[in-house]
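# Results of the structural survey
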Amino acid sequence: MNYLLNVERVLLNEVAKTYDELKMIDDKIMKGLALFYGYEILTNAIDLLKHTKRLVLYHTTDFPSRRLYQFHANKNQVSVYTLSTSNFCTCTFYKEHILNKQDYFSCPHNLAIKLHEQISKSNHDIDIETFDVAHEYLIDKMAKLIEQSCETE
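Now for a description of the structure that goes with this document. Just so we're clear, the structure is a prediction, and the values are computed from it rather than from any experiment.

Applying the stated criterion across every chain, the model contains 7 aromatic pairs. Here the aromatic rings of Tyr-37 and Phe-105 are separated by 6.5 Å at their centres, their planes lie at 50 degrees, and the arrangement is tilted. Here Tyr-37, found in helix α2 (residues 27–37), pairs with Phe-105, found in the loop between α4 (92–100) and α5 (108–119); they are 68 residues apart in sequence, far enough to count as distant. Here the two residues Tyr-37 and Phe-105 agree in accessibility, since each one is buried. Here the aromatic cluster, defined as three or more aromatic residues joined through ring pairs, consists of Phe-36, Tyr-37 and Phe-105. Against the face of Tyr-58 rests Lys-141, its NZ or CZ located 5.0 Å from the ring centre.

This paragraph deals with the pattern of salt bridges. Between side chains of opposite charge, a pair can form when the charged atoms approach closely. According to the stated counting rule, one finds 4 salt bridges in the structure shown. For Glu-8, the salt bridge is made with Lys-114, and the minimal N-O distance between the two is 2.9 Å. Placement of Glu-8 in helix α1 (residues 2–22) and of Lys-114 in helix α5 is noted, with a sequence separation of 106 residues between them. Comparing Glu-8 with Lys-114 shows no difference in burial state: the two are buried. The shortest N-O distance in the salt bridge between Glu-117 and Arg-67 comes to 2.7 Å. Taken together, the residues span a long stretch of sequence, with Glu-117 in helix α5 and Arg-67 in strand β2 (residues 67–71) at a distance of 50 residues. Here Glu-117 falls in the buried class, since its relative accessible area comes to 16%.

Basis of the calculations
Residues numbered from 1 in each chain as written. Predicted model: local features only at pLDDT ≥ 70, side-chain atom pairs only at ≥ 80, totals over all residues. Heavy atoms only, no water. Phe/Tyr/Trp six-rings, centres within 6.5 Å; stacked < 30°, edge-to-face > 60°. Helix = DSSP H or I, 4+ residues; strand = E, 2+ residues; numbered from the N terminus. Buried < 20%, exposed > 50% of the residue type's maximum accessible area, 1.4 Å probe, protein only. Lys NZ or Arg CZ within 6 Å of the ring centre and 35° of its normal. Salt bridge = Lys/Arg side-chain N within 4 Å of Asp/Glu carboxyl O.

Rendered as structure tokens:
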């Protein structure tokens, strides 16, 4: 697993570097992302970034910092939460493909947030409501989210 995390870190660092220089992600990096995450996951993540106008961020002030993002739900849908410091997400794709089948490394929500964090210095298209919270608050929130996601199955 450490090997995969290192590959992911290198790819995301390349995204940040290329975006800072070119204000875009070049074809070479896109191919690397598609090979690592899967083409469908990458295109869904980019689509999420294009259509998301607002996020909520729960950010711990402790070290190491943890960042839990909330995607606001559309009508009749449940909000989705994802941690940018891991591949955790509350979406059904995460439960089905990452936890059960283990056939993907990340869900589109998680990848969208990781990409956003790499390009957000230059791109302010998404309004983010930020809450600085204690580590304990985030742990409690995560426990409740996990409990709720288990209940919906």
